[in-house]
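Per-entry structural report
Residue-level listing of the chains:
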Amino acid sequence: MNDFRADIQGLRALAVFLVFIFHISFSSLPGGFLGVDIFFVISGYLISGIILSKKEKGNFTFTNFYIGRLKRIVPVYYIVLIAVLIAAIIIYLPSDILQLRMNAFWSSIFASNVYFSTLDTYFGASSIENPFLHTWTLAIEMQFYFLLPLLLFFVNKKWLPTLLIILIIGLLGYSLCGTYLLDLKSQMYFSLPARIPEFCIGALFAVKQDYLKKVGSTTLNCISAVSLIIIIVCSFLFSEKSDYPGYLVIFPCIATAFLLVNKVSFINKKILSNKIAVHIGELSYSIYLWHWPIMALYRYYKSSNEFNFSEIALITVSTYLLSLFTYYTIEKYFRKTNNVRFFTLFSIPVITLGLLTVLLPRINTYFYKIPDKYSRPVFGLKSHSYDFKEVESFGNLIEKRDSILLIGDSHALAYKNILNNLGKSHFFNFRTVTNDRYLNIPGFTEPDFLNKESFIQYSKIMKATTEEIKKAKVIFICSVWFDDLPTLPSALNQFLGSLDSSQTVIVLPDYPTPDNNPIRINRDFIKNPDSNYKYKIGYKRLPARIKKVLERYKNVHVINIDFRSKLKDIPFNRDTLMYYDKGHLNLYGTEVVSKEFDEEFMNGINKALQKHK
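Residues numbered from 1 in each chain as written. Predicted model: local features only at pLDDT ≥ 70, side-chain atom pairs only at ≥ 80, totals over all residues. Heavy atoms only, no water.

**Structural notes on the state of the cysteines**
On inspection of all chains with the given rule, the structure shows 0 disulfides. Not engaged in a disulfide, the cysteine Cys-177 finds its nearest cysteine sulfur in Cys-200; these two sulfurs lie 19 Å apart. With a relative accessible area of 30%, Cys-177 lands in the partly exposed category. The thiol sulfur of Cys-200 is not disulfide-bonded, and the nearest other cysteine sulfur, from Cys-253, lies at 11 Å. (Disulfide = S-S within 2.5 Å. Buried < 20%, exposed > 50% of the residue type's maximum accessible area, 1.4 Å probe, protein only.)

As structure tokens, this is what we get:
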């Protein structure tokens, strides 16, 4: 098992090629993510062989194994993390830098798979701009490397195949249950237990490879050819819509395992062992580390997910050159250093990474001096979503408290300051509690949410909202009315039906939004005269399915505002930025809207109240 296997390097090259193409263009190779599974099977196969071989010779020690893994994986990994943070200091805007720091922290301690499973899905819009997203695979590898030696060392080799099969079947069952029955697809994707079967398949084939080789060379050639075809076909047939890992993972993993034991087959000797494949395979770890951050940072900077031909060429060349550099200067060097020198030198990137992570926001502000009122939400946060601390009151607070409530999603958060300004001018006040994405009305259940944390937060918000709804005579609602929430109409119907007929509901108009994040394109809050970007503005109407529900109730009134009449230069107003991202007005933007449309809003509100008297 310690002999150099050129074909395994070729298999690594295939794996990183699949991942690279998938990340460049998700539609070109929709199942290219299975390259990661190939890496997991290779790791299980090789590490099991090494540990068992040393165990038989009596020279295996846990200390040497773990130090060897550290030397192999961590130095170049930390160098890449440092490089990404340095680039992010210049590229990232202050509004996003704190989230990046959090991602960097979890990645640095090899726990990013756990953290990312609580956020967007692997295939989500925000994920493709996260330069640390790919570190989840390294986290799983390191976690598995901690467990595998315990299994192989303390279990008799005679019982290993049986135990490995039990683990494969049992944990595949866990993955299937999580994916199909509990609808935890994202959590399963990042889950160590759900991925252990892939390593165990490699380990099982390592243990039983002598038995498998007895089938004959002709059969081995056929098996290898079929295995390679299966991997290629799966990389085209699988996609983000596939229930993965689940049972589908068996096909590429078994195919990979057969290629690993068939080192004398035509596929292994002629295709996987060619010089180019072996060269790419040697660089595969560095390629894997570099390619995604380059793509993600570029996507973030240009606020676009697609790459043209010249950009693909630039990314490919940059990835190759950086990988070549780190392979020869970092990877190969640290593998050969003695332990004392290793830990002495390794302390430098550890300290550097720690300092960069801590100081990241402070250093970033030297490059972007954009006041918070233009770059992030700053008003009404104590009564909103994850920042929720209490129900807040705004408007003319000198007068007695009015029985008015504002609820809704993140667009209702912007309306807090709009209504605050209107309230001060027209002598009314209101109380408010809002939530991100999910409108804070009763009727949603846990399957409606992207993750469990969002459901828990919604439940917390609803406790406060329910009490406020009971006391309110007038309820303002603002929402994006997301199309991907199929239960929204029924929840809205349930909510409106539960209200007393004396309670008035006023649906506020959703404000227009640009097609791209203007603060990223402009890189400042004052309009850049050199920018030629032409924004497409979306003027939203109530979806038909929502309008149909609202029309059933006489106490519900919809305000319509013609935002086109006065906002002529969205996302700017008099060369000043009105949005902190492509979907939300900043504080300045809310001040502009409340001032420019004061009369229209008050006419709509008064008309609704008069109708319901």
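**Some remarks on the nonpolar core**
Counting 157 residues, the largest nonpolar core has Phe-110, Tyr-415, Phe-476 and Val-593 as its most contacted members. At 14 residues, helix H3 (residues 62–91) tops the list of elements feeding residues into this core. Apart from residues no more than four positions distant in its own chain, Val-593 is found in contact with Ile-418, Phe-563, Leu-567, Met-578, Leu-585, Asp-598 and Phe-601. Membership of the second largest hydrophobic core comes to 33 residues, among which are Ile-461, Trp-481, Leu-488 and Val-549. (Core = buried A, V, L, I, M, F, W, Y, C linked by side-chain atoms within 4.5 Å. Helix = DSSP H or I, 4+ residues; strand = E, 2+ residues; numbered from the N terminus. Contact = heavy atoms within 4.5 Å.)

**Some details on helix H20 (residues 488–498)**
For H20, every residue scored as buried is listed here: Leu-488, Pro-489, Ala-491, Leu-492, Phe-495 and Leu-496. For H20, the angular spread of buried residues about the axis comes to 160°, placing them on one side. (Arc of directions from axis to C-beta.)

**What about the side chain of Thr-465?**
Secondary-structure assignment places Thr-465 in helix H19 (residues 452–471). By relative accessible area, which is 0% here, Thr-465 ends up buried. Leave out the neighbours within four places in its chain, and Thr-465 touches Ile-407, Val-433 and Asn-440.

**Re the pattern of salt bridges**
Think of it this way: side chains of opposite charge can pair up when their charged atoms draw near. The tally for this structure, following the rule as stated, stands at 17 salt bridges. With a shortest N-O distance of 2.9 Å, Glu-56 and Lys-157 are connected by a salt bridge. Pair noted here: Glu-56 is in helix H2 (residues 35–57) and Lys-157 is in the loop between helix H6 (135–154) and helix H7 (160–181), with a separation of 101 residues, a long-range link. Its relative accessible area of 38% is what places Lys-157 among the partly exposed residues. For Arg-195, the salt bridge identified is with Glu-198, shortest N-O distance 3.1 Å. (Salt bridge = Lys/Arg side-chain N within 4 Å of Asp/Glu carboxyl O.)

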